[in-house]
Amino acid sequence: MFAFILRRLAQAVIVMISVALIAFMLFQYVGDPVVFLLGQDATAEQIRELRADLGLDQPFFVQFWHFLANAVQGEFGLSLRQGAKVSRLIAERFPATLELAMVAAVLALVVGIPMGVYAALKRGTFLSQVFMTVSLLGVSLPTFLIGILLILLFAVTLGWFPSFGRGDVTQVGWWTTGLLSAKGWHHITLPAITLAIFQLTLIMRLVRAEMLEVLRTDYIKFARARGLTNRAVHFGHALKNTLVPVMTITGLQLGGLIAFAIITETVFQWPGMGLLFIQAVTFADIPVMAAYLCLIALIFVVINLIVDLLYFAVDPRLRVEKAGGH
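Treat the numbers as computed from the prediction; the structure is a model and nothing was measured. (Residues numbered from 1 in each chain as written. Predicted model: local features only at pLDDT ≥ 70, side-chain atom pairs only at ≥ 80, totals over all residues. Heavy atoms only, no water.)

1. Regarding the overall build of the protein
Stated formally: Helix and strand definitions here come from DSSP, where helices need a minimum of 4 consecutive H or I residues and strands a minimum of 2 consecutive E residues; each element is numbered from the N-terminal end. Only heavy atoms matter for contacts: two residues are in contact if any of them lie within 4.5 Å across the pair. All accessible-area figures derive from a Shrake-Rupley calculation using a 1.4 Å probe, and residue coverage is judged against the displayed protein chains alone.
Along the protein, the regular secondary structure elements total 14 helices and two strands. Within the protein, residue pairs in contact and separated by at least 24 positions form 71% of the contacts whose partners lie at least 6 positions apart. Working note: accessible area of the protein is about 17,600 Å², and carbon and sulfur atoms make up 69% of it.

In structure tokens:
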């Protein structure tokens, strides 16, 4: 286990250095930050002095080393658009994005897994066919269209939910959350459903396919031959082994929810990192773009490591293989 963790950590370091290099290249080849800071009317002397102050006159690898050292400390300089520290902007927006992603992920799991199990165990029934049809729509429709349709129906026509914003938030230390107030839940409902629909349908279809595959295996037949009840076979044996690939997809999708909540946050004007990134792209705010890229890569690396470790808890075959040296 220790060697496995060390290998994964080494891979994570290599991935993060590669992503940092890509982010650093944004500073080098996507516009000139000196021009953004000083404007088009700056003199050659002013440009030369600022480039020296920022260290942009140093060799490439020296600049990259300084960038890497600052990135490890969470420092990416100043936002070219807002003039504030990028780390502060990210810290202000990250709670909203993480909160939205976590609510969407929980919703997708709580609804998607039971739907997938039902569709597998009750194949051919009317409700099972309805689930499969809904899942096909959820996979096919683009996120922005789902969001617009939900706003049109539940915000504009029925007036049940607000169409934008985060609602009332509560300060808990440096963290802000809207989940401690009724208005916060009221505002997060539509964005969370919009973000969860694709993940929900994906999980449902995956659980159904894996469940059907597991139910055909020999050990399930042996469990039935021992006289175990359907409940014990389905939920004590089949479902547990079905969850191994589901964990992989769920882990990757959680990172995807955080990284690609951009469209949902834009549609609902949710004050998270996705909206901040869209604004940064619009104004070529390179430090914010670089920080977003590095943070998302870190989230994916951490989630993948956690998922790999969870395999050992769910699938005993992996522990046996590791113990046997395979």
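After presenting the structure, the write-up continues.
2. Describing a nonpolar patch on the surface
In plain terms, the rule: Each patch is assembled from residues with relative accessible area greater than 30% and no salt bridge, linking like charges that lie within 9 Å and nonpolar side chains (Val, Leu, Ile, Met, Phe, Trp, Tyr) that lie within 5 Å. The term salt bridge refers to a side-chain nitrogen of Lys or Arg lying within 4 Å of a carboxyl oxygen of Asp or Glu.
Among the surface-exposed residues, Leu137, Leu141, Phe144, Leu145, Ile148, Leu149, Leu152, Val156 and Ile263 lie close enough to one another that they form a single nonpolar patch of about 780 Å² accessible area. The biggest single contributor to the nonpolar patch is helix α7 (residues 143–157), with six residues. Its place among the elements puts phenylalanine 144 in helix α7.

3. Regarding the nonpolar core
Under the convention used in this document: The definition of a nonpolar core used throughout is a set of buried Ala, Val, Leu, Ile, Met, Phe, Trp, Tyr and Cys residues joined through side-chain atoms within 4.5 Å. Relative accessibility decides the category of a residue: with a 1.4 Å probe and only protein chains considered, values under 20% of the type maximum give buried, values over 50% give exposed, and everything between is partly exposed.
Formed by 68 residues in total, the largest nonpolar core has its most connected members in Phe67 and Met273. Those elements giving two or more residues to this core turn out to be α1 (2–29), α4 (60–72), α5 (86–121), α6 (126–140), α8 (182–215), α10 (230–259), α12 (273–282) and α13 (286–314). Sort the elements by how many residues they give to this core and α5 lands first, with 16 residues. Beyond its immediate chain neighbours, meaning those up to four positions away, methionine 273 contacts Ile90, Arg93, Phe94, Thr97, Ile258, Glu265, Tyr292, Leu295 and Ile296. Counting six residues, the second-largest nonpolar core is a separate cluster that includes Ile151, Ala155, Leu190 and Phe268.

4. Topic: the side chain of histidine 187
Along the chain, histidine 187 turns up in helix α8. Residue classification places histidine 187 among the buried residues on the basis of a relative accessible area of 16%. The contacts of histidine 187, once residues within four sequence positions are left out, are Pro162, Phe164, Gly165, Arg166, Gly167 and Trp270.

5. A closer look at the packing of aromatic side chains
Defined as follows: Any pair of Phe, Tyr and Trp rings, taking the six-membered ring for Trp, is counted once the centres come within 6.5 Å. Such a pair is stacked with planes under 30 degrees apart, edge-to-face with planes over 60 apart, and tilted for the rest.
According to the stated counting rule, one finds five aromatic pairs in the structure shown. Ring geometry for tyrosine 118 versus phenylalanine 131: centroids 5.8 Å apart, planes at 70°, classification edge-to-face. Taken as a pair, tyrosine 118 in helix α5 and phenylalanine 131 in helix α6 lie far apart in primary sequence, 13 residues in all. Take tyrosine 118: its relative accessible area is 29%, and that puts it in the partly exposed class. Taken together, the ring pairs in this structure connect Phe154, Trp160 and Phe161 into an aromatic cluster.

6. As for the packing of α5 against α6
For clarity, the threshold we go by: Orientation is described by axes fitted as lines to C-alpha atoms, over the contacting stretch for helices, and by angles from 0 to 180 degrees between their N-to-C directions. Note that the term roughly parallel is reserved for angles under 35 degrees, roughly antiparallel for angles over 145, roughly perpendicular for angles of 65 to 115, and oblique for everything else. For any helix crossing, the convention is left-handed if the near helix is rotated counterclockwise from the far helix by under a right angle, and right-handed if that rotation is clockwise. Amino acid classes used here: Ala, Val, Leu, Ile, Met, Phe, Trp, Tyr, Cys and Pro are nonpolar; Asp, Glu, Lys and Arg are charged; the rest, including Gly, are polar.
Where α5 meets α6, the closest approach of the two axes is 9 Å, and the angle between their N-to-C directions is 130°. Comparing the axis directions of α5 and α6 gives the class oblique. Regarding α5 and α6, the two cross each other, and that crossing is left-handed. Each of Met115, Tyr118 and Ala119 in α5 lies in contact with α6, whose residues at this interface are Leu127, Ser128, Phe131 and Met132. Here the contact of α5 with α6 is composed, by residue class, of six nonpolar, one polar and no charged.

7. Here we look at unusual backbone geometry
Glycine aside, negative phi is the norm for most residues, and most peptide bonds take the trans geometry. Phi at glutamine 269 takes a positive value of approximately 50°, unusual for a residue other than glycine. Turning to its location among the elements, glutamine 269 is positioned in the loop between α11 (262–267) and α12.

8. Quick word on the pattern of salt bridges
Evaluation of the coordinates by the stated rule reveals four salt bridges. Between glutamate 45 and arginine 48 there is a salt bridge whose closest N-O contact spans 2.2 Å. A residue pair is termed a helical-turn pair when its members lie 3 or 4 positions apart in one helix, as glutamate 45 and arginine 48 do in helix α3 (residues 44–54) at three residues. Of the residues examined, glutamate 45 reaches a relative accessible area of 38% and is grouped as partly exposed. Assessed through its relative accessible area of 49%, arginine 48 is described here as partly exposed. Its salt-bridge partner being glutamate 92, residue arginine 88 comes within 2.7 Å of it at the nearest N-O pair. You can see arginine 88 and its partner glutamate 92 sitting in helix α5, four residues apart, about one turn around the helix. Its relative accessible area of 43% is what places arginine 88 among the partly exposed residues.

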